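One letter stands for each residue in the lines below.
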Amino acid sequence: MTDSLTARLDALESELTTLRDKEAIRDVIHRYCRGADRCDQQAFKDCYWEDGYDDHGFYGGNGQGFADYVIPILKQVDSSIHAITNTIIDLKGDRAFCESQWSVVHRLKKPDGDFLDYWHQGRYLDIFEKRGGEWRILCRTITGDMDRLLRTKDMRAFIGEGQPGSDNNIALRGGRSPNDPVFSGFDLQKLVHDRKPIEDLWSPFYALDQIL
C-alpha cells in the first residue's frame, strides 16, 4: 500500500470517527428532550455521567440528580415540548463543547380548565465526555434568551381527543412514558387505522376563534 493511499485511508477513518461522534452527541441531546417531554426518568438520567453536573438556573447540582428532581415537576404540567435546533459541536478528542438552541413550551392547566403556555427559548451549553466509547453530558448550563406567557383554550374540548383505535379523525394524543405512541415502536401499526377524510378541516378552529 502506498503512502498516499495510507494517508487517504487514515483521513477517511478520522473523518468517519468525527461524524460518528457528532451523531452520537446529537442523539443524546435529542433523547434528553424525549425524556423530558415523555417524563421518562431513566432515559433522562442516562444522558448524564454519574459525576455529571447541570446548572438550570432553578437547579444546580448532579445531572442525574436533576432527573430525579425535575421529572416529578414536569409531571405536574399538562404537557411540554422541547425542540432543538442549531447544534454546534466542537470536538477535542474525547471531549466536546456544544451549543444547542432550545425552544420549550410548558402547558400549565388553570383552575377554569384553560391553559397558560409558558414558552421560553435559549441555549444549552454542554461539555460532553466520551468514556468507553459512549458520549454523555459531563456539564450543562443554560442561557435564557426569550420568554413569553400565552393564554389559550383547551382545543381538545372542541375538536376531540385521539385515542388508539378510536373512530374519530383526531391524531393520536401524546402522553407520558410508557403510554405515548412512540413507545409502541414497531407495534405502531396496531394503533393506526383507516379514517374518513374530514371535508371541512378548519371549521372547528374558526368556531373556536369566535369565543376566544
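For the structure itself, look to the data block above.
Calculation notes
Residues numbered from 1 in each chain as written. Predicted model: local features only at pLDDT ≥ 70, side-chain atom pairs only at ≥ 80, totals over all residues. Heavy atoms only, no water. Helix = DSSP H or I, 4+ residues; strand = E, 2+ residues; numbered from the N terminus. Expected span 1.5 Å × (residues − 1). Pairing = 2+ DSSP bridges. Axes fitted to C-alpha atoms, helices over the stretch in contact; angles between N-to-C directions. Contact = heavy atoms within 4.5 Å. Polar contact = N/O pair within 3.5 Å; in protein donor to acceptor, adjacent residues only side chain to side chain. Core = buried A, V, L, I, M, F, W, Y, C linked by side-chain atoms within 4.5 Å. Buried < 20%, exposed > 50% of the residue type's maximum accessible area, 1.4 Å probe, protein only. Disulfide = S-S within 2.5 Å. Salt bridge = Lys/Arg side-chain N within 4 Å of Asp/Glu carboxyl O.

With that out of the way, let us pick up helix α1 (residues 3-37). In a regular helix each residue adds 1.5 Å, so 35 residues correspond to 51 Å; α1 covers 51 Å between its end C-alpha atoms and thus fits that length. The first or second residue beyond α1 is Cys39, which carries a positive phi of 55°.

With that out of the way, let us pick up the sheet that holds strand β6 (residues 134-152). The strand order β2-β1-β6-β5-β4-β3 describes an open sheet built from six strands, whose pairing is mixed. What marks the edges here is a single partner per strand, and that holds for β2 (60-62) and β3 (79-92). Across the sheet, the mean angle separating the axes of adjacent strands is 15° when strand polarity is ignored. Note: strand β5 (residues 115-131) against β6, 17 bridges, orientation antiparallel. The partner of Lys130 across the bridge, within β6, is Trp135. Strands in contact with α1 are β1 (48-55), β3, β4 (95-109), β5 and β6; relative to β3, the strand with the most contacts, it is inclined by about 160°. Packed on one face of the sheet, helix α3 (residues 63-74) meets β1, β2, β3, β4 and β6 and runs near 60° to β1.

Time to look at the environment of Arg131. With respect to the helices, strands and loops of the structure, Arg131 is situated in strand β5. Measuring from C-alpha to C-alpha, the distance between Arg131 and Asp94 comes to 7.6 Å, with 37 residues separating the pair along the chain. The contact partners of Arg131, leaving out residues within four places of it in the chain, are Trp49, Asp51 and Leu138. Polar side-chain contacts of Arg131 include one of 3.2 Å to the side chain of Asp51.

Quick look at the nonpolar core now. Ranked by internal contacts, the top residues of the largest apolar core, which has 26 residues, are Ile25, Tyr32, Phe44, Tyr48, Phe66, Ala96 and Phe128. Residue assignment for this core shows that the elements contributing at least two residues are α1, α3, β3, β4, β5 and β6. The biggest single contributor to this core is α1, with six residues. Beyond its immediate stretch of four places on either side in the chain, Tyr32 contacts Phe44, Cys47, Tyr48, His56, Phe66, Tyr124 and Arg140.

Right, let's get into the state of the cysteines. The full count for this structure, using the stated rule, is zero disulfides. No disulfide involves Cys33; its sulfur sits 8.6 Å from that of Cys47, the nearest cysteine. For Cys33, a relative accessible area of 6% translates into the label buried.

By the secondary structure assignment, Ile89 is in strand β3. Taking the relative accessible area as the measure of exposure, Ile89 reaches 10% and is therefore buried. Distance in space between the C-alpha atoms of Ile89 and Glu99 is 6.8 Å, their sequence separation being 10 residues.

Once the charged atoms of two side chains with opposite charge are near each other, the side chains can pair. Under the criterion given, the structure shown has 15 salt bridges. Between Arg26 and Glu23 there is a salt bridge, with the nearest N and O atoms lying 3.7 Å from each other. Taken together, the residues Arg26 and Glu23, both in helix α1 and three residues apart, mark about one turn of the helix. Accessibility expressed as a relative area gives 29% for Arg26, which makes it partly exposed. One salt bridge in this structure joins Glu134 and Arg136, with 2.9 Å as the shortest N-O distance. Each member of the salt-bridge network shares a partner with another, and the members are Asp51, Arg95, Glu129 and Arg131.

The step from Ser177 to Pro178 runs through a cis peptide bond, and the omega angle for that step is 5°. In this structure, Pro178 sits in the loop between α4 (156-159) and α5 (203-209). For Cys39, which is not a glycine, the phi torsion comes out positive at approximately 55°. Structurally, the position occupied by Cys39 is in the loop between α1 and α2 (41-45). For Asn86, which is not a glycine, the phi torsion comes out positive at approximately 55°. When you line up the elements, Asn86 lands in strand β3.

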